[in-house]
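Coordinate analysis (summary)
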Amino acid sequence: MSWFTIFSTIGAALAVAIGMMFPAIAMGRAISQALDSLARQPEAEKAIMRTLFIGLAMIESLAIYVLVIVLIILFRNPLLEYLINR
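Quick notes on the rules
- Residues numbered from 1 in each chain as written.
- Predicted model: local features only at pLDDT ≥ 70, side-chain atom pairs only at ≥ 80, totals over all residues.
- Heavy atoms only, no water.
- Salt bridge = Lys/Arg side-chain N within 4 Å of Asp/Glu carboxyl O.
- Helix = DSSP H or I, 4+ residues; strand = E, 2+ residues; numbered from the N terminus.
- Buried < 20%, exposed > 50% of the residue type's maximum accessible area, 1.4 Å probe, protein only.
- Patch = residues over 30% accessible without salt bridge, like charges linked within 9 Å, V, L, I, M, F, W, Y side chains within 5 Å.
- Areas by Shrake-Rupley, 256 points an atom, 1.4 Å probe, with all protein chains shown as cover.
- pLDDT = per-residue confidence, 0-100.

Concerning the pattern of salt bridges
The final tally for this structure, using the stated rule, is one salt bridge. R40 is paired through a salt bridge with D36; the nearest N and O atoms lie 3.3 Å apart. In this pair, R40 and D36 are both assigned in helix 1 (residues 2-40), four residues apart and thus about one turn of the helix distant. Overall, the relative accessible area of 66% leaves R40 in the exposed class.

So, in structure tokens, the structure goes:
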């Protein structure tokens, strides 16, 4: 059972690292493209910014989902309960 907890902790750490890295990269690219669009078409600022913030919220929600799943794996793992009752 101790191996199971060690591996699930390592897996959770890797999931957080990878699951937060890609949304961060996507956010950086989205902001970069929005700034490029603002430089090319400053008159479309309101539409670009509104679309940017909606997109950033969607990207951030993916990172939050990763965090929630990892917390479930660490603290309410059903396999851990099975191993304890076995």
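Alright, that's what it looks like, and here's the rest.
Brief notes about a nonpolar patch on the surface
Nonpolar side chains collect at one region of the surface, where W3, I6, F7, I10, L14, I18, M21, F22 and I25 lie side by side and expose about 960 Å² of accessible area between them. Take L14: it is sitting in helix 1.

Side note on the confidence of the model for the chain
Of all residues in the chain, 99% have pLDDT values of 70 or greater, and the mean over the chain is 87. Taken element by element, the chain is modelled with least confidence in helix 3 (residues 78-85), mean pLDDT 73, and with most confidence in helix 2 (residues 45-75), mean pLDDT 90.

Let's talk about the environment of S2
In this fold, S2 is placed in helix 1. Sequence-wise, S2 and L80 are 78 residues apart; in three dimensions their C-alpha atoms are separated by 9.9 Å.

Here's the deal with the environment of I25
With respect to the helices and strands, the residue I25 is situated in helix 1. Between the C-alpha atoms of I25 and L79, which are 54 residues apart in sequence, the distance is 33 Å.

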